[in-house]
Every structure is written in structure tokens, then in C-alpha cells.
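Report on the structure
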Amino acid sequence: MNRTTLSLIAGATALAAVTGFAALSAPDTPGTRSTAKAAAQLPVERTSLLCPAPSMSDIAETSYTSFTPVTKGTGSGGKAELRAAAQESRDGSGAGGDKGKDDGTSGERKTGKTVPTSKEPGKPVTGDSSGAESPALVGTADGRLAPGWTVQETTEVAAGTGRGLQGVNCTAPDTSFWFPGASTAADRTDYVHLTNPDDSAAVVDIELYGKDGALQSPVGEGITVQPHSSEPVLLSTLTDEEQTNLTVHVNVRSGRVGAAVQALDDKLGGDWLAASTDPSGSLVLPGIPKDATSVRLVAFTPGDADADLKLRLASPSGPITPAGHETVHVKGGMTTAVDLGDVTRGEAGSLVLTPTGQSVPIVAALRVVRGKGDKQETAFIPATRPVGTRATSADNSAKGSTLSLTAPGRAATVEVTASAGSEGGTPVSKTYTIKAGTTQDIEPPVPSGLKGTYALTVEPKSGGPVYGARTLAATEGGVPGFTVQTLPDDRGTVAVPEADEDLSVLQK
């Protein structure tokens, strides 16, 4: 290995520490001593988040909560801020890239109160907006504000299509997103929101898969999202077929985008459908509300091979096999939907999918309904990654927040910390033990002297993998409004390998 190779490794190591999106290992060269030691977990130094435009309703009220947990090993500087993205029209005309590079005044005008800017970790910062003109937001955080930075967007819509409580975690830009659970049915209005944070245009394909396979949609090919812009794409404009259960694949040909699906129902309210975790042979969908009146599983396998899955409900007392739904068969390239009814039967629950034989990668999500008659509300739970090192949930209040944790394998011990409040309060932590194969709904700790909203961090301390979700609930006019956000690892650190002190042997 020569000096040039060493320089490339050093450069890649620095990149990993900055972006937080890469883990790095140096390959061994035959006949030489390995330079790699166990990877050290270092705090990321910069991160990006993208928030979709919250609503097209004139009576929408939206709140934003920005929070970064305290992370050891960070410096003293840094800032986390959100700015308005330009609004791009469907045909590519309209705001374009120039407005995306404005001085931020248009974003302040459209969002009402200035969008939140965080200057210290450990304390949430809030902002709000109202009406249909609230833009998508593009955010960056650096220094000590970058590790674990989380932004929650929560919207209340009092009436009309999609009425109820809608919530979404702002997402990092990426190049591929899977959304099982979307729809082009007559009673649904579903949009894919695409937001481009970069200085160059992104080119995106939106692929649709129904019960019989791929839907022909040339209109969904080669969609251009201008720099620093956001574009909502109505799914029903991409196909003439009305299908109740669809899987949407956002595939980015060039550039990066943030993507989320806003699913609005004429009678059942609506919510954001976040992307499922990457295709995998086994999946966990945590945090089904105990009073759910209807639960629908939507699953899809991207390949040609069929998948046969075992369904288990991780309940407070242990794994349960839902009667009549012991297994599900998912045909390759086709979307499968299974109505599970009131599967939780008044108890906390998480759905666990495992292969009955050969493992075939799948994606999945749940559509969950609470309430009855004309007072029903909908939320979505996608399959998610485990909590990992730490997960963060913003925009919690003294009442209406439920934290759901499941340990599908071994038992686990978890520490949950409530941050200071956005307007005052003292942090507090509490430790919980989650028994093997169970789901526990816990009333999360609340900071003493709480004023405003607060954040929760979940940190597994021992045992097996833990999966989590947080439910926000607010009943208005007898309608049980709610929204569920899963709690994957907040990616506050990145693995960077250490090198031996003496590298001279590698420079000969």
C-alpha cells in the first residue's frame, strides 16, 4: 500500500465523520500487517433533514419541533436551522431554483413564526405555520447540533379530506424509498412529496406496483426536481387505474431527494406514510395502538421470488399468532394486503414478520384506524430499523404521548430520557425492562416543571434489539386524532476505524 492509497483512506475517513452516512474499513493487503483496529464511533459533524410541505388545507395549523440530544465528544460550536424550499409546479415551471436560494425572508413570510433554529443541544426549539401556503423546509445542522438532530412536523386539520392529526419526522436525503400502503382509490388523495436540497437538479422515477404487478406509468418517469425545490406529485395523475393498495417506489436517477407520502382519505382522515426500511427477509412494525379498530398489512417484495411469511403479534404477555392470519403469501413484484381487524384486542402490540422458509426481501407498512362510524382517523406504521445506539422523538406533551417499545428476540433494558421543555423544565430519565417477545406501551417520563413541548431519547443498555414508536393523540370534536412515528437509530455517530501507530511498514 503506497502513500496515495493512505491519503485516499484518510480522505474517506474524514468524509465519513462529516456526513454520518458511511462506515469505513481498510482492506488488508496480502503480506502486510492490517492497519485497521476496531472502529470507533465518532459523532457526525454535519447532517441534513428535509420537511415536506405540511398541507394544502387553508385551515391547517402546523408546528415544527427541532431537537438535538446531548452527545459526548462534540465541540462547542454549531447550529441547526431550517429554510423554506422553493415550491415547484408539476410541469417544472414556477418557483424553480432561484427562489430556493433567496435570503430566507419568503420562508419566514409563508411560515408565520420564524422556522426554528437550534443553537444548543438538549433543548427543543419550536416554530409554527398555518394555511395551505406553508412551504417545504430544507435543514442543515453542524457541529454539536448535528449528532441525532431530529425535526418533527405535526399538523392539525379540523375538517375536510384528511382531517385529523398528521405527523412526520423530517427525513435525510437519499436515492431510494419504498412506500407500501399508498392508494389511487376514489376516496383517497395521495401525494408523493419530493424535496431536493442540493445545488443541482434531481431526476426521479416514481414506480407503482399493485395487486397484479407494475402499473404502466410513463408520466412517472424522469421527473425533474429543481435545486432547493419541492414538488408534490398526485399519484392519481400517474395512472388511470384505481387501486386501494399500492406500493410506491421512488428511485432517484441522479442527485438526492427527501420523500414522503401524504395519504388523505375522504372519511377516515389521513396522515403521512413514511418510507419502509430497506427490503429485508424479516421486519418489525412497532406501536400498534391498543384501541385500534382496524389494522391492514400491506407488503411487497421487489424481486421475482414469492415470499411466505409468518405473522406474530408481540403483545404485553408474549408472541401471539393472529387467528386466521398465521401466514401470508406475497407474490413477487405484486402488492399484497391483509386485513387483520382489531388484532391488538385492547392491548399494546407490534407486528413481527419472519420467513417460513427461504428468506425473500420485502417491504411493509400498516394502515391503522381508530374510532368508529363517522369519527374514525387513520395513521400508518412502516417497517423500521431497530433503535440501535439511540433514537430520538420530538414534540411530546405532558398528555397525549405514548411510547411503545418491543423486544422481538431477547429481553432488553432501555433508558428513556425526557429533555428539558421548549419553554422550561428539568430533564429526567427512567429505565425500563422489555421482556423477550413482548411489546410494552409506557407513559414516558415528563420533565419536572415542564413548559412547552419536550423530546424523548431512547437508549438500549443491554439485551437484544429494541424497536420503538411514539404515538401522539389529540381528540377534537369526538374524532380520535392520532399519528405514529417509528424510532429508528438517529445516526448520531459514524464508525471510523482506528489505525496502528506505526504505519511505516505500509509505506515501503
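Refer to the structure above for everything that follows.
Residues numbered from 1 in each chain as written. Predicted model: local features only at pLDDT ≥ 70, side-chain atom pairs only at ≥ 80, totals over all residues. Heavy atoms only, no water.

Of the regular secondary structure elements, the chain holds 3 helices and 39 strands. Buried residues in the chain amount to 53% of all 508 residues. Surface summary for the chain: the accessible area is close to 20,800 Å², and the carbon and sulfur share equals 49%. (Helix = DSSP H or I, 4+ residues; strand = E, 2+ residues; numbered from the N terminus. Buried < 20%, exposed > 50% of the residue type's maximum accessible area, 1.4 Å probe, protein only. Areas by Shrake-Rupley, 256 points an atom, 1.4 Å probe, with all protein chains shown as cover.)

All chains considered together, the criterion is met by 1 disulfide. The partner cysteine of C51 in its disulfide is C170, sulfur to sulfur 2.0 Å. Between C51 and C170, the disulfide has an S-S torsion of 110 degrees and is therefore right-handed. Residue C51 is found in strand 2 (residues 46–51), and its partner C170 is found in the loop between strand 10 (164–169) and strand 11 (176–182); the two are separated by 119 residues along the sequence. Exposure remark for C170: the relative accessible area of 7% places this residue in the buried category. (Disulfide = S-S within 2.5 Å.)

Our next topic: the sheet that holds strand 9 (residues 150–157). The 4 strands are arranged 7-3-9-10 in an open sheet whose pairing can be described as antiparallel. The outermost strands of the open sheet, each flanked by one partner alone, are strand 7 (125–130) and strand 10. Ignoring strand direction, the axes of neighbouring strands in this sheet form an average angle of 15 degrees. The sheet contact formed by strand 9 and strand 10 spans 6 bridges and is antiparallel. Note on strand 10: the bridge partner recorded for Q152 is N169. (Pairing = 2+ DSSP bridges. Axes fitted to C-alpha atoms, helices over the stretch in contact; angles between N-to-C directions.)

Turning our eyes to something else, we now look at the sheet that holds strand 33 (residues 428–434). Strand order in this open sheet of 4 strands is 29-36-31-33, and the pairing throughout is antiparallel. Both outer strands of the open sheet, strand 29 (391–396) and strand 33, are each paired with one neighbouring strand and no more. On average, each strand axis in the sheet is tilted by 25 degrees relative to the strand beside it, whichever way the strands run.

To continue, consider unusual backbone geometry. The phi angle at R345 is positive, at roughly 50 degrees, despite the residue not being glycine. With respect to the element layout, R345 can be found in the loop between strand 25 (335–341) and strand 26 (349–355). Given the relative accessible area of 67%, R345 is considered exposed. Notably, R491 is not glycine yet its phi reads approximately 55 degrees, a positive angle. Here R491 shows up in the loop between strand 38 (479–486) and strand 39 (493–499). A residue is classified by how much of its surface remains accessible, and R491, at 42% relative accessible area, is partly exposed.

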